[in-house]
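Read off the chains here:
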Amino acid sequence: MGKRGRDSDAATWSTHVAYFEHVAPAHECLIVENVPEYSEMLVLKCLKKSGYSWQAKSLRIDPRVLGLGCARARLYMVIFRTDIFRWEPNFTLEQLVECLAGQVALSAGSYYWAKLPPVKLSTAQEKNRQDYRRTTKLQFMDLSQYPKNGRGRGETKDGALPTLTTTTGSLWSEAHQRCLSSDELLSSHVLPVTRAQATKCHSPRLKFDGCSNASKVKMAGNGMSVPCMGVAMMGAAIALERIDGS
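This section reports on the structure supplied with the text. Only a predicted model underlies this, so the values are computations on that prediction, with no experimental measurement involved.

**Points about the sheet that holds strand β5 (residues 140-142)**
Pairing between the strands of a sheet is mediated by backbone hydrogen bonds and can be parallel or antiparallel. One open sheet holds the three strands; their spatial order is β5-β6-β7, and the pairing between them is antiparallel. Each edge of the open sheet carries a strand with a single partner, namely β5 and β7 (178-179). Bridging between β5 and strand β6 (residues 171-173) involves three bridges; their strand directions are antiparallel. In the sheet register, F140 faces β6, and the bridge partner there is S173.

**Some points on helix α4 (residues 123-135)**
Given a rise of 1.5 Å per residue, 13 residues ought to cover 18 Å, and the 18 Å separating the end C-alpha atoms of α4 matches this to within 8%. Buried residues of α4: N128, R129, D131 and Y132, and no others. Mapping the buried residues of α4 onto a view down its axis gives an arc of 165°, with all of them on the same face. Across from the buried face of α4, at angles greater than 90 degrees, the exposed residues are T123, K127 and R134. Packed against the buried residues of α4 are β5 and β6.

**Here we look at the environment of G69**
Following the sequence through the fold, G69 ends up in the loop between β2 (54-61) and β3 (74-81). Linking G69 and L106, residues 37 residues apart in sequence, is a C-alpha distance of 4.4 Å. Those residues in contact with G69 that lie beyond four places of it in its chain are V104, L106, S107, A108, Y111, A160 and L161.

**Some points on the layout of surface pockets**
Size it by volume and the second largest pocket reaches roughly 300 Å³. W113, S187, T194, Q197 and K200 are the residues nearest the centre of the second largest pocket, which is lined by 16 residues in total. Those elements that provide at least two residues to the lining of the second largest pocket are α5 (182-187) and α6 (195-201). Broken down by element, the lining of the second largest pocket gets its largest block of residues, four residues, from α6.

**Observations regarding the sheet that holds β2**
In space, the three strands of this open sheet follow the order β1-β3-β2, with antiparallel pairing throughout. Bordering the open sheet on either side are β1 (29-34) and β2, each of which pairs with just one other strand. For this sheet, the mean angle separating the axes of adjacent strands, direction not counted, is 15°. Direction of pairing for β2 relative to β3: antiparallel, over a ladder of eight bridges. Within β3, the residue paired with K57 across the bridge is V78.

**Let's talk about the pattern of salt bridges**
If you walk through the whole model with that rule in mind, you get 15 salt bridges. The salt bridge partner of E174 is R129, with a shortest N-O separation of 2.7 Å. Here R129 lies in helix α4 and E174 lies in the loop between β6 and β7, a separation of 45 residues in the sequence. With respect to class, E174 is no different from R129; both count as buried. Beyond isolated ion pairs, a larger network of salt bridges with shared partners links E126, R129, R133 and E174.

Rules used throughout
Residues numbered from 1 in each chain as written. Predicted model: local features only at pLDDT ≥ 70, side-chain atom pairs only at ≥ 80, totals over all residues. Heavy atoms only, no water. Pairing = 2+ DSSP bridges. Helix = DSSP H or I, 4+ residues; strand = E, 2+ residues; numbered from the N terminus. Expected span 1.5 Å × (residues − 1). Buried < 20%, exposed > 50% of the residue type's maximum accessible area, 1.4 Å probe, protein only. Arc of directions from axis to C-beta. Contact = heavy atoms within 4.5 Å. 1 Å grid on protein atoms, 1.4 Å probe; cavity = no way out; pocket = protein on both sides within 12 Å on 5 of 7 lines; lining within 4 Å. Points joined across faces, edges and corners; volume = space filled by probe spheres on them. Axes fitted to C-alpha atoms, helices over the stretch in contact; angles between N-to-C directions. Salt bridge = Lys/Arg side-chain N within 4 Å of Asp/Glu carboxyl O.

That is the geometry; function is a separate question.
Okay, here's the thing in structure tokens:
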């Protein structure tokens, strides 16, 4: 995060370059997700050494645009070789989002499963909770952070979950009297972690046997929104056409 302005000498940048140099020879098309401040030009810069010509179509989208109740604005990019594919000139990813967009139908509270019981907080967490209640009007509180100057971290202005981070393992709900579980955090990305969810999604259930709660919280913080990724994949399927007509 802090190395964005110094990519030439950052270890993170060298890893970034090495990744794309590794995947480029084996792929004709890539779908890439990153933070909103990211740029498609960074990917194209890495792909120059592949010897092929690449083009990128990108879109910044948040799950709330699709009716979900969790914030996670990200940049999604469809990157393809121009010697193999052409992009339908009259189609844009923005047009697809307009077709799929809907009013927010979920809120932060929608992600707390009814079957889980209330829990008792640690002394430090309870202190932060009391400080939140005294200085903010938030109903969902990230107890891993102290509410400095009356501004803590909790639900967004439209009542959605805040963007998850790798440390968002203590997101407390006053109504439910507990924090979101690691499985609930993963579910907020529409990842099927239960058999019931997998059945509704017509998808295999993700199995996390042997994974600690801390590991699953970190995975959720690094995760992608399935519906948003679906927009990028659907856009690629609609707009990309092989030049040879196959």
